[in-house]
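Fold and geometry: a report
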Amino acid sequence: MGMSVVARGIGMMLIMVACAGVPALAEEAGTAVAPGQKAIRTPVGAPVSDKLTTMKNAAIKGVAMLRFEPVRIRQTAADCRCEYEVTIRNTGTSRFKGDIGVSTVFPYKGETITGGTNAYHLDLAAGASVTETRPFTMGCEPRFKQVQISFRNSGTVINAQTIDLTQAYSGTLLEVKEASGMISATVKNTSGVATSFFVQFHKPNPNSPGAWLPAGGIAFDCVAAGNSMTRSANVPTGWPADHSSIKVLLMSGESSVQEQMLGAGAK
């Protein structure tokens, strides 16, 4: 009889312990806690939401592993191709695998002219680095003084660099002449890289002595380093009868590198 009473007492205690665990299960399942009842903290790492948070933080730390070394600009002597070289290093202690987007723009007179977009598909072990070279969709024209490069991960900028374009361009106007209704010019590129020029003509302004008016020109799209190029065009309409009064400017971007009068020898 005594043993029966003890057994019933133990059974009641087990039921009470089991019931005490119900609120914890209800909270993990998202069930509201009863009024006045103290909330029970869920075990760390148990719910799926905690695992997702851990993964997200790991991805953010993974991007912080990456070191972007200064970008290098490369131009060629034979053509007007312009490229940028990027070195990315994994300075973390674990592998980084993911995509990094890159976009380039040239600031110009308050606007930004796109230089193209690319993506780097990275798989870098800890301590490893990779060097990538990509072309600009638009060459490094003399009118551009800077290029801005932005690197993104999942749409967020993680590195941005502004590079001054310090390449010096030079050229010589070897000859410019007019004959039989045509005007021709010969330009030599004395730069170390291929580049473009523009021969700009100006005529006297009849309403303002000593002033000039634009009077057409000839574009030299890409002249290899050390090479010469001759191009011709029809004499523009509205030129004065005295063609020798035409001023000729050899332009590199927005800079004048040489000036002479039509028919005069090269200076």
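Before reading on, note that the structure itself is shown above.
Overview of the structure.

Here is what the cut-offs are and how they apply
- Residues numbered from 1 in each chain as written.
- Predicted model: local features only at pLDDT ≥ 70, side-chain atom pairs only at ≥ 80, totals over all residues.
- Heavy atoms only, no water.
- Pairing = 2+ DSSP bridges.
- Helix = DSSP H or I, 4+ residues; strand = E, 2+ residues; numbered from the N terminus.
- Axes fitted to C-alpha atoms, helices over the stretch in contact; angles between N-to-C directions.
- Phe/Tyr/Trp six-rings, centres within 6.5 Å; stacked < 30°, edge-to-face > 60°.
- Buried < 20%, exposed > 50% of the residue type's maximum accessible area, 1.4 Å probe, protein only.
- Disulfide = S-S within 2.5 Å.
- Core = buried A, V, L, I, M, F, W, Y, C linked by side-chain atoms within 4.5 Å.
- Contact = heavy atoms within 4.5 Å.

**Focus: the sheet that holds strand S5 (residues 111-124)**
Consider a sheet: its strands pair through backbone hydrogen bonds, and that pairing is either parallel or antiparallel. Ordered by their spatial adjacency, four strands build an open sheet running S5-S4-S7-S8, and the pairing between neighbours is antiparallel. Whereas interior strands pair on both sides, the edge strands pair on one side only; in this sheet they are S5 and strand S8 (156-164). Direction aside, the axes of adjacent strands within the sheet are offset by 20° on average. Sheet analysis places strand S4 (residues 96-108) next to strand S7 (residues 146-153), joined by five bridges and oriented antiparallel. Each bridged residue has a counterpart across the sheet, and for Val-105 the counterpart in S7 is Gln-148.

**Observations concerning the packing of aromatic side chains**
Applying the stated criterion across every chain, the model contains seven aromatic pairs. Pairing Tyr-120 with Phe-151 gives two aromatic rings, centres 6.5 Å apart and planes at 35°, and the pair type is tilted. You can see Tyr-120 sitting in strand S5 and its partner Phe-151 sitting in strand S7, a full 31 residues away along the chain. Summarising the burial analysis for this pair, Tyr-120 and Phe-151 share the class buried.

**Considering the sheet that holds strand S14 (residues 247-252)**
The strand order across the open sheet built from four strands is S12-S11-S14-S15, with neighbouring strands paired in antiparallel fashion. Each of the sheet's edge strands pairs with one partner strand only, and the pair in question is strand S12 (212-223) and strand S15 (255-261). In this sheet, adjacent strand axes meet at a mean angle of 20° when their direction is disregarded. Sheet analysis places strand S11 (residues 195-204) next to S14, joined by five bridges and oriented antiparallel. Looking at the pairing, Phe-198 lines up with Met-251 of S14.

**Concerning the pairing of strand S9 (residues 171-179)**
Sheet analysis places S9 next to strand S10 (residues 182-189), joined by eight bridges and oriented antiparallel. Following the sheet pairing, Glu-178 is matched in S10 by Ile-183. Linking S9 to S10, which pair antiparallel, is a turn of two residues; within it Ser-180 sits at a positive phi near 55°.

**A short note on the state of the cysteines**
Cysteine pairs can be linked by a disulfide, which is a covalent bond between their two sulfur atoms. Counting across every chain of the model gives two disulfides. With a sulfur-sulfur separation of 2.1 Å, Cys-80 is cross-linked through a disulfide to Cys-222. In this structure the cystine formed by Cys-80 and Cys-222 twists about its S-S bond by roughly 110°; its chirality is therefore right-handed. Residue Cys-80 is found in the loop between strand S2 (72-75) and strand S3 (82-90), and its partner Cys-222 is found in strand S12; the two are separated by 142 residues along the sequence. Accessibility expressed as a relative area gives 30% for Cys-222, which makes it partly exposed. Covalently, Cys-82 is tied to Cys-140 through a disulfide, its sulfur atoms 1.9 Å apart.

**A few points about the pairing of S7**
Sheet analysis places S7 next to S8, joined by eight bridges and oriented antiparallel. Paired with Gln-148 across the strands is Thr-162, a residue of S8.

**Notes on the nonpolar core**
One finds Tyr-120 and Phe-151 to be the most contacted residues of the largest nonpolar core, which totals 27 residues. Elements with a minimum of two residues in this core: strand S1 (66-68), S3, S4, S5 and S7. Apart from the residues within four sequence positions on either side, Phe-151 is in contact with Phe-68, Val-71, Val-86, Ile-100, Gly-101, Val-102, Tyr-120, Thr-156, Val-157, Ile-158, Asn-159 and Gln-161. If you look at the next biggest cluster of nonpolar residues, it comprises 18 residues, including Val-187, Val-199, Ile-246 and Leu-262.

Shape is all these values report; function is a separate question.
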